[in-house]
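For reference, the chains in residue letters:
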There are 2 protein chains.
Amino acid sequence: MSKIFWSPGLEQLEPYTPGEQPESKTLIKLNTNENPYPASPQALGLLKQYDFSDALRRYPDPESRELRRAIADKHKLTPEQVFVGNGSDEVLALSFYSFFRRREPLLFPDITYSFYPVYCQLFDIESRKIPLARDFSVQLQDYSAPAAGVIIPNPNAPTGRYLPLDEIEALLECQPQRVVIVDEAYIDFGGDSAITLINRYPNLLVIHTLSKSYALAGLRLGFAMGQKHLIQGLLRAKNSFNSYPIDAVAQRVATAAIRDTAWHADNCGKVIATRKRCEQTLAEIGFEVVPSQANFLLVKPPQPGAEAFNQALRKRDILVRYFNQPRISEYLRISIGTDAEMDQLIRNCKEILASQS
Amino acid sequence: MSKIFWSPGLEQLEPYTPGEQPESKTLIKLNTNENPYPASPQALGLLKQYDFSDALRRYPDPESRELRRAIADKHKLTPEQVFVGNGSDEVLALSFYSFFRRREPLLFPDITYSFYPVYCQLFDIESRKIPLARDFSVQLQDYSAPAAGVIIPNPNAPTGRYLPLDEIEALLECQPQRVVIVDEAYIDFGGDSAITLINRYPNLLVIHTLSKSYALAGLRLGFAMGQKHLIQGLLRAKNSFNSYPIDAVAQRVATAAIRDTAWHADNCGKVIATRKRCEQTLAEIGFEVVPSQANFLLVKPPQPGAEAFNQALRKRDILVRYFNQPRISEYLRISIGTDAEMDQLIRNCKEILASQS
């Protein structure tokens with residue numbers, strides 16, 4: 001019975017699997033790269049102070065003008081260079097539709113955000129995975145082939161490896177006729193953003209999210225920045241899919257969060273300091289640690305293997321992320337929590353290692 | 001320069017044009033079928049009472065389990081028969097993708113929600129418009145041709161005309177191998193919902209929204225109900241597009257709104273009473289009024305023509321919706337406001353008519 005009603009091809013889709021969101025409050029949750037601190041009090045305070053009854057009764061601003069203005073102000077762009085969506089996943093999906101449905105394949109690294117191949121299936125886009133080097137660095141010379149475009153996270157996920165801006169420029173020059181998306185979900189934790197290149201490169205689209213450095217994963221807000229002709233392409237797809245993707249509450253909370261630059265700088269500083277401390281300690285107790293500019297670490301436990309280590313942490317109520325896939329099946333991705341959480345993680349790691357010997 | 005970066009075909013899309021959302025507070029806004037009353041105090045109160053800092057820091061439940069349970073409870077379904085999305089527009093878009101990408105054309109009435117042909121363009125779906133009768137009623141016999149499926153709003157928009165359930169059943173029987181979507185955005189204002197047919201018809205998908213009868217257009221929440229195999233198809237598309245479409249605030253506010261059945265019944269009763277009174281008064285002063293079971297009226301002013309009448313109302317700070325399209329270009333769609341707003345509308349209509357004679 002069931003599938004006769006589905007569009008042909010729907011059954012072949014292999015949807016994205018998000019990290020687990022357990023309801024338990026006692027777990028130490030280091031599996032989905034959430035920020036360990038509550039969001040800007042300016043943003044959270046709005047929920048209590050503002051009277052939303054009229055804003056919720058009416059349709060929201062379909063163009064999210066105030067929010068786009070706040071983003072433009074912060075990043076020294078114009079509002080016409082900013083596109084907002086219901087999480088950066090929606091922004092990515094609409095970008096794939098708007099720019100990459102071409103005869104040539106889309107290029108991205110072989111280890112990267114696992115939603116990219118899913119969007120390709122959804123919109124019938126061919127793709128080609130370009131292998132990273134052994135140390136997970138990007139091999140730029142491989143990105144010059146005829147292509148529908150390029151998408152690359154910087155820092156990369158789940159490796160945490162960061163590409164400096166001159167290498168991003170080299171990538172933009174590999175594909176002058178095609179859109180190059182730099183997915184900067186983790187850029188605020190130590191990298192230089194490609195936003196400063198936007199006015200020089202008509203093919204550059206930079207994507208950010210409020211889920212990581214703004215501590216608002218629950219709000220679902222992502223945005224793209226690029227020259228006006230790219231934003232207009234995105235608007236065309238968005239207005240053919242969903243006119244009002246950002247609700248009235250999210251528009252206001254996100255605007256306040258973006259404008260609270262002091263909170264943001266302070267939060268990123270704290271996460272970076274914890275990461276550095278943790279990176280060092282894990283290396284000291286025998287982990288191989290991939291250099292990270294993100295709010296997570298990709299690490300290889302000295303023993304008993306990543307999958308078993310993951311299970312052992314799980315038994316101790318600590319959730320990290322294990323990817324059962326080629327090249328990283330011996331690694332764990334650990335999100336940066338509070339100092340107290342990371343202390344507990346490290347104590348437990350030591351105990352697991354001790355129990356092996 | 002600009003469009004060389006766009007996917008082929010993007011330029012040909014003709015996006016949906018939403019009704020105007022002016023910032024002015026002095027306008028009487030009867031143009032987008034919003035509810036004139038604030039939403040359930042149980043729902044709005046949550047924003048003040050609940051501490052969202054942890055819920056917003058984390059990713060929301062990707063499956064919106066509590067919300068789906070509330071909807072299932074209210075409509076005597078199981079949660080597996082409920083799909084939620086970021087507004088019913090997103091639910092519609094994903095439904096078109098999941099069920100209607102076939103060789104045959106999708107069928108819908110020639111006067112209907114103007115987003116349907118846009119989704120068809122977006123996903124490369126052919127469509128065929130089936131003319132309504134002169135009185136805007138649906139001609140059932142025309143829906144038996146080989147088709148990708150059928151979509152029909154009930155009550156229809158922008159006509160307001162309602163199809164009784166036996167005619168919906170006849171439509172379901174026209175296309176036993178194809179999905180028939182009944183888009184019930186306006187059903188709570190006087191019609192019988194097709195939800196009661198779900199367990200008997202494996203091809204029926206019913207779509208509802210919180211934008212109209214729940215007074216939460218600003219929250220962006222819509223849902224689909226149907227047998228489990230249809231919901232699973234939708235989930236496959238959704239999880240290939242955006243894993244977390246419903247934010248943590250919207251999940252909680254929507255759940256409270258759905259559970260406040262007393263507020264909902266009372267609100268619908270008030271809107272229906274105002275509509276009936278207004279229907280009668282407009283007919284008395286010479287308007288032709290299409291029978292409506294929705295929260296709006298499609299009316300033909302006796303003079304000086306709909307477009308001029310629309311302009312005259314606009315000058316008097318009253319916004320209604322004029323569609324410059326075949327068959328309804330002599331009509332105006334007027335949303336039902338509060339009694340006071342409708343009194344002002346009627347007083348202004350009388351003055352405009354008097355100024356013509």
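An unreviewed UniProt entry annotates chain A as Histidinol-phosphate aminotransferase of Microbulbifer okhotskensis.

**Q** For this particular structure, what's the right way to read the sheet that holds strand 13 (residues 332-335) of chain A?
**A** Residue and element names in this part refer to chain A. Read across the sheet, four strands follow the order 9-10-13-12 without closing on themselves; strand pairing throughout is antiparallel. Only two strands of the sheet have a single neighbouring strand rather than two, namely strand 9 (288-289) and strand 12 (321-322). Pairing between strand 12 and strand 13: two bridges, direction antiparallel. Paired with Tyr322 across the bridge in strand 13 is Leu332. The sheet contacts of helix 9 (residues 261-284) involve strand 9 and strand 10 (296-300), and relative to strand 10 the element is tilted by about 5°.

**Q** Just checking my understanding: could you explain the relation of the copies chain A and chain B for this structure?
**A** Between the two copies of this chain, the relationship is a rotation about some axis together with a displacement along it. When chain A is fitted to chain B, the best match, at an RMSD of 0.0 Å, comes from turning it 180° and sliding it 0.0 Å along the axis. When the rotation and shift are considered jointly, the pair of chain copies conforms to a two-fold rotation axis. Residues of chain A ranked by C-alpha distance from the rotation axis are headed by A:Lys48, positioned 2.3 Å from it. When you check the interface residues of chain A against chain B, 99% turn up at the interface there too, and the contact is symmetric in its surfaces.

**Q** Is there a simple way to explain the interface of chain A and chain B in this structure?
**A** Note on interface size: it is often stated as the accessible area lost on association of the parts. Contacts between chain A and chain B engage 92 residues on the former and 91 residues on the latter. Buried area between chain A and chain B, both sides added, is near 7,700 Å², and the carbon and sulfur share of it is 56%. The largest per-residue losses of area from chain A upon contact with chain B belong to A:Phe5, A:Tyr59 and A:Phe241, which jointly make up 11% of the total buried on that side. The tally of links between chain A and chain B comes to zero salt bridges. Contributing elements (two or more residues each) for the side of chain A that touches chain B: helix 1 (41-49), helix 2 (53-57), helix 4 (87-99), helix 5 (116-122), helix 7 (228-238) and helix 8 (248-259) of chain A. Broken down by element, the residue count for the side of chain A that touches chain B peaks at eight residues, all from helix 4 of chain A.

**Q** When you look at the pairing of strand 12 (residues 332-335) of chain B in this model, what are you seeing that I'm missing?
**A** Remember that side chains alternate between the two faces of the sheet whenever the strand is regular. Residue and element names in this part refer to chain B. Residue alternation in strand 12 divides its side chains into two sets, Leu332 and Ile334 and Arg333 and Ser335, and both sets are buried. Across four bridges, strand 10 (residues 296-300) lies against strand 12 in antiparallel orientation. The residue of strand 12 that forms the bridge with Leu297 is Ile334.

**Q** Can you walk me through the pairing of strand 3 (residues 106-109) of chain A in this structure?
**A** Residues and elements named next belong to chain A. Here strand 3 runs beside strand 4 (residues 127-130); their pairing, made up of four bridges, is parallel. Following the sheet pairing, Phe108 is matched in strand 4 by Lys129. As a crossover connection, the stretch from strand 3 through helix 5 into strand 4 is right-handed. The pairing of strand 3 with strand 5 (residues 149-153) spans two bridges and is classified as parallel. Bridged to Leu107 within strand 5 is Val150.

**Q** Would you mind showing me how to read the pattern of salt bridges here?
**A** Side-chain pairs of opposite charge can arise whenever the charged atoms involved come near each other. Applying the stated rule across the entire model yields 24 salt bridges over all chains. A:Arg57 is the partner of A:Asp54 in a salt bridge, and the nearest nitrogen-oxygen pair spans 3.3 Å. Of this pair, A:Asp54 and A:Arg57 both sit in helix 2, three residues apart, which is roughly one turn of the helix. Residue class for A:Arg57 comes out buried when judged on its relative accessible area of 10%. Taking the shortest distance from any N to any O, the salt bridge between B:Asp135 and B:Arg161 comes out at 3.6 Å. Of this pair, B:Asp135 sits in the loop between strand 4 (127-130) and strand 5 (149-153) while B:Arg161 sits in the loop between strand 5 and helix 6 (165-174), and the two are 26 residues apart along the sequence. For B:Asp135, a relative accessible area of 41% gives the class partly exposed.

**Q** Just checking my understanding: could you explain the sheet that holds strand 12 of chain B for this structure?
**A** Neighbouring strands of a sheet are bound in pairs by backbone hydrogen bonds; such pairs are parallel or else antiparallel. Residues and elements named next belong to chain B. A sheet is described by the order of its strands in space; here three strands give the open sequence 9-10-12, paired in antiparallel fashion. At either margin of the open sheet sits one strand with a lone partner, and together these are strand 9 (288-289) and strand 12. Across the sheet, helix 9 (residues 261-284) touches strand 9 and strand 10, and the angle it forms with strand 10 is around 5°.

Criteria and cut-off values
- Residues numbered from 1 in each chain as written.
- Chains lettered and ligands numbered in written order.
- Predicted model: local features only at pLDDT ≥ 70, side-chain atom pairs only at ≥ 80, totals over all residues.
- Heavy atoms only, no water.
- Pairing = 2+ DSSP bridges.
- Helix = DSSP H or I, 4+ residues; strand = E, 2+ residues; numbered from the N terminus.
- Contact = heavy atoms within 4.5 Å.
- Axes fitted to C-alpha atoms, helices over the stretch in contact; angles between N-to-C directions.
- Least-squares fit on C-alpha atoms with pLDDT ≥ 70 in both.
- Buried area = accessible area lost by both parts, 1.4 Å probe.
- Salt bridge = Lys/Arg side-chain N within 4 Å of Asp/Glu carboxyl O.
- Buried < 20%, exposed > 50% of the residue type's maximum accessible area, 1.4 Å probe, protein only.
- Right-handed = clockwise from strand over helix to strand, strands pointing away.

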